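So you can see what is in the structure, the chains are spelled out below.
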Amino acid sequence: MINTDAATIADLIAELRGKSDAHDLVFSDLSAVRAAVDQELVDLDHPVQGAREIAFFPPMTGG
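The text that follows walks through the structure, step by step, so that each part is easy to find.

The rules we used
Residues numbered from 1 in each chain as written. Predicted model: local features only at pLDDT ≥ 70, side-chain atom pairs only at ≥ 80, totals over all residues. Heavy atoms only, no water. Phe/Tyr/Trp six-rings, centres within 6.5 Å; stacked < 30°, edge-to-face > 60°. Helix = DSSP H or I, 4+ residues; strand = E, 2+ residues; numbered from the N terminus. Buried < 20%, exposed > 50% of the residue type's maximum accessible area, 1.4 Å probe, protein only.

### Remarks on the packing of aromatic side chains
- For the structure on display, the rule yields 1 aromatic pair.
- Ring plane angle 75° and centroid distance 5.0 Å describe the contact between F27 and F56, whose orientation is recorded as edge-to-face. Taken together, the residues span a long stretch of sequence, with F27 in the loop between α2 (21-26) and β1 (34-37) and F56 in strand β3 (residues 54-57) at a distance of 29 residues.
- By relative accessible area, F27 is classed as buried at 7%.
- F56 gets classed as partly exposed once you look at its relative accessible area, which sits at 28%.

Functional significance is not addressed by these values, which are geometric in nature.
Here it is as structure tokens:
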């Protein structure tokens, strides 16, 4: 669990990118990042206030 003042998923990503070089690398290509708030896929401009869970997914291939 982390505490954040981020207003949106994009703001949270920006905050996380500043934590370390590894975080920066993981979030370096935002076109490949998918996010979910409380198990619902959302856009990066989605608000984070009140979220119980935020998840990030790597690029995936279909099958």
